[in-house]
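Report on the structure
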Number of protein chains: 2
Amino acid sequence: MAKFKLDEIDHQILDMLIDNTRVPFTDIAKKLVISAGTVHVRVKKMEEAGIIKGSSLTLDYKKLGYSFIAYVGVFLKNTSQTKFVLERINEIPFVTVAHITTGKFNVFCKIRARNTEHAKDVIFMLDDIEGVYRTETMISMEESINDKKRLMHSIFNEM
Amino acid sequence: MAKFKLDEIDHQILDMLIDNTRVPFTDIAKKLVISAGTVHVRVKKMEEAGIIKGSSLTLDYKKLGYSFIAYVGVFLKNTSQTKFVLERINEIPFVTVAHITTGKFNVFCKIRARNTEHAKDVIFMLDDIEGVYRTETMISMEESINDKKRLMHSIFNEM
DNA sequence: GGTGAAAGCACCGAGTT
DNA sequence: AACTCGGTGCTTTCACC
């Protein structure tokens, strides 16, 4: 939970790797005018410190036939059931993220589906969970940003 | 936009790479009992087809001191201003995702911040955008799932 | 904490079946 | 379409600074 101290070189290494994990360390080394060994050691340290949790592929879900995104707010009959309901939600495929929230909804989740029909099936599964009072769906018509690099820069700018 | 045909071997290759992009192709080859060259050719094809859009590092934002997540629903004075407002939102740091939505809100976004105070600054910036009528914030108290691998398996199971 | 070189591998293309 | 194989180049370690 504690803050970890990263210097300018770490920032730049992350900057080059954040949206392309396969950039050779030798390229990074050249650009930063340090040795490839140093890049290696620093990346390893950030991994050990847990700053770098891992790496992942970015797939094009639209091309796979899954272009539907919606957010679903869930109202519970009783907040004491939150944990139970969350566990049931976690079992539903195509629910990609779930949060316990304050504010309007008790639980809030994101789903990705093939189309409206398919999303309906997923939402019905949410509605059918014992303890769920009702749900409210917001369909995404256009996703406009989703940029890790930008967030990272915002963070580094504040350091 | 069109569906792209992936076979069982492609599924397994993606399965191994999706949450660790640095798994050596030789390891994948061993596990699937094919040659490393084949793995290479298949990955390249998926990249060329755009199924694999890229790769990214997963950072631990909590460890960087940014543990606050909230969703903010935005109501507009007039929906004709949607495009303009979205552009302004895209300029605000710490807004990580924004969607145009149907349903309760006109625009819906996710923010990541240091703490409540910091989030307040971000939300004020949203409120201050010309054309924004008001906003509604849902604070995430606990994020429960966020798993690409699970989504991918859900998709493959349906194919 | 950084370097530079050397050893060990992985990547990736060419040629073959 | 997949395999083998070889050249090229990346990663990773280590002795030294």
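That block above? That's the structure.
Overview of the structure. Each chain has its residues counted from 1, running along the sequence as written. All chains are assigned letters beginning with A, and all ligands numbers beginning with 1, in the order in which they are written. Per-residue local features are limited, in this predicted model, to residues with pLDDT of at least 70; the limit for side-chain atom pairs, both in listing and counting, is 80 or more; totals at the level of whole chains, interfaces and linings are taken over all residues. Excluded from the side-chain calculations are hydrogens and water; all other atoms, namely the structure's heavy atoms, are used.

Here we come to the packing of helix 1 (residues 8–17) of chain B against helix 6 (residues 148–157) of chain B. Residue and element names in this part refer to chain B. For the pair helix 1 and helix 6, interaxial distance at closest approach is 10 Å and the crossing angle is 170°. Between helix 1 and helix 6, the angle is such that the two are roughly antiparallel. Mapping the contact onto sequence places H11, L14 and D15 in helix 1 and K149, M152, H153 and F156 in helix 6. Side-chain classes follow a simple rule in which Ala, Val, Leu, Ile, Met, Phe, Trp, Tyr, Cys and Pro form the nonpolar group, Asp, Glu, Lys and Arg form the charged group, and the remainder, Gly included, forms the polar group. Grouping the amino acids of the contact of helix 1 with helix 6 by side-chain chemistry returns 3 nonpolar, 2 polar and 2 charged. All axes are obtained by fitting lines to C-alpha atoms, using only the stretch in contact for helices, and the reported angles, taken between N-to-C directions, cover 0 to 180 degrees. The way it works is that DSSP assigns letters per residue, a run of H or I at least four long becomes a helix, a run of E at least two long becomes a strand, and they are numbered from the N terminus. Note that the term roughly parallel is reserved for angles under 35 degrees, roughly antiparallel for angles over 145, roughly perpendicular for angles of 65 to 115, and oblique for everything else. Any two residues whose heavy atoms approach within 4.5 Å at even a single point are treated as in contact.

Moving on, we get to the packing of helix 1 (residues 8–17) of chain A against helix 2 (residues 25–32) of chain A. Residues and elements named next belong to chain A. Put simply, helix 1 and helix 2 touch, their axes get as near as 11 Å, and they point 135° apart. With respect to their mutual orientation, helix 1 and helix 2 come out oblique. For the pair helix 1 and helix 2, the crossing hand works out as right-handed. Seen from helix 1, the contacting residues are I9, Q12, I13, M16 and L17; seen from helix 2, they are F25, I28, K31 and L32. For the contact of helix 1 with helix 2, the residue count by class is 7 nonpolar, 1 polar and 1 charged. Put simply, a crossing is left-handed when the front helix is turned counterclockwise from the back one by less than a right angle, and right-handed when it is turned clockwise.

Looking now at the protein's contact with DNA strand D. Close to DNA strand D lie P24, F25, T26, A36, H40 and K44 of chain A together with R22, I34, S35, T38, R42 and K45 of chain B, which account for all nearby residues. By the criterion applied in these results, polar contacts are pairs of N or O atoms within 3.5 Å in which, for protein atoms, one can donate a hydrogen and the other can accept it, and in which residues neighboring in sequence qualify only through two side-chain atoms. In this structure, F25 of chain A approaches DNA strand D through a main-chain N or O atom, which is 2.5 Å from a phosphate oxygen. The side chain of S35 of chain B places a nitrogen or oxygen atom 2.8 Å from a phosphate oxygen of DNA strand D. Among the residues making up the surface near DNA strand D, the classes are represented as 4 nonpolar, 4 polar and 4 charged. A single heavy atom is enough: if one lies within 4 Å of a molecule or strand, its residue is considered near that molecule or strand.

What follows deals with the sheet that holds strand 2 (residues 68–76) of chain B. Strands in a sheet are paired, the pairing made by backbone hydrogen bonds, and the direction either parallel or antiparallel. Two strands qualify as a pair provided that DSSP identifies no fewer than 2 bridges between them. Strand order in the closed barrel formed by 8 strands is 2(A)-4(A)-3(A)-5(B)-2(B)-4(B)-3(B)-5(A), with antiparallel pairing between adjacent strands. Neighbour-to-neighbour, the strand axes of the sheet open up by a mean angle of 35°, direction not taken into account. With 5 bridges joining them, strand 3 (residues 95–101) of chain A and strand 5 (residues 132–146) of chain B adopt antiparallel strand pairing. Following the sheet pairing, I100 of chain A is matched in strand 5 of chain B by E142 of chain B. Contacts from helix 4 (residues 82–90) of chain A reach strand 2 (68–76), strand 3, strand 4 (107–113) and strand 5 (132–146) of chain A together with strand 5 of chain B within the one sheet, and its direction differs from that of strand 3 of chain A by about 170°. Lying on the sheet, helix 5 (residues 116–127) of chain B is in contact with strand 2, strand 3 (95–101), strand 4 (107–113) and strand 5 of chain B; it crosses strand 5 of chain B at an angle near 140°.

Bringing the interface of chain B and chain A into the picture now. On the side of chain A, 76 residues touch chain B, which itself brings 76 residues to the contact. Here the buried area means the combined drop in accessible surface, using a 1.4 Å probe, for two parts upon being joined, counting both sides. A buried area of about 7200 Å², summed over both sides, lies between chain B and chain A, and 58% of it is on carbon and sulfur atoms. The largest per-residue losses of area from chain B upon contact with chain A belong to L57, K63 and L64 of chain B, which jointly make up 10% of the total buried on that side. What makes a salt bridge here is a side-chain nitrogen of Lys or Arg within 4 Å of a carboxyl oxygen of Asp or Glu, nothing more. For the interface between chain B and chain A, the tally reads 2 salt bridges. R114 of chain A is the partner of E158 of chain B in a salt bridge, and the nearest nitrogen-oxygen pair spans 2.9 Å. Our count for the chain B to chain A interface comes out at 46 residue pairs in polar contact (both at pLDDT 80 or more).

Attention now moves to the protein's contact with DNA strand C. Taken together, I34, S35, T38, R42 and K45 of chain A together with P24, F25, T26, H40 and K44 of chain B form the complete shell of residues around DNA strand C. A distance of 2.5 Å separates a phosphate oxygen of DNA strand C from a polar atom in the side chain of R42 of chain A. K45 of chain A places a side-chain nitrogen or oxygen 2.7 Å from a phosphate oxygen of DNA strand C. Mapped by element, the contributors of at least two residues to the surface near DNA strand C are helix 3 (36–48) of chain A together with helix 2 (25–32) and helix 3 (36–48) of chain B. Among the elements that make up the surface near DNA strand C, the one with the highest residue count is helix 3 of chain A (3 residues).

With that settled, consider the packing of aromatic side chains. All names here are of chain A. Each pair of aromatic rings taken from Phe, Tyr and Trp, with Trp reduced to its six-membered ring, is defined by centres within 6.5 Å and is described as stacked if the planes are under 30 degrees apart, edge-to-face if over 60, and tilted in the remaining cases. This model, assessed by the stated rule, comprises 12 aromatic pairs over all chains. Pairing F75 with F105 gives two aromatic rings, centres 5.2 Å apart and planes at 65°, and the pair type is edge-to-face. In this pair, F75 is assigned in strand 2 and F105 in the loop between strand 3 and strand 4, connecting sequence segments 30 residues apart. Partly exposed describes any residue whose relative accessible area lies between the buried limit of under 20% and the exposed limit of over 50%, with all areas from a 1.4 Å probe on protein chains only and scaled to the type maximum. What makes F105 buried here is its relative accessible area of 1%.

Right, let's get into the relation of the copies chain B and chain A. A least-squares superposition brings the copies together, and it is based on the C-alpha atoms of residues with pLDDT no lower than 70 in both. By a simple turn and slide, chain B fits onto chain A: the slide is 0.0 Å along the axis, the RMSD is 0.1 Å, and the turn is 180°. Both copies of the chain, as the preceding transformation shows, are related through a two-fold rotation axis. Among all C-alpha atoms of chain B, that of S56 of chain B lies closest to the rotation axis, at 2.7 Å. The residues that chain B uses at the interface reappear at the interface of chain A in 100% of cases, marking a shared surface.

What follows deals with unusual backbone geometry. Residue and element names in this part refer to chain B. At V33, a position not held by glycine, the phi torsion is positive, near 50°. With respect to the element layout, V33 can be found in the loop between helix 2 and helix 3. A residue is classified by how much of its surface remains accessible, and V33, at 73% relative accessible area, is exposed. In this structure, F94 is a non-glycine residue whose phi angle is positive, near 75°. Along the chain, the position of F94 falls in the loop between helix 4 (82–90) and strand 3.

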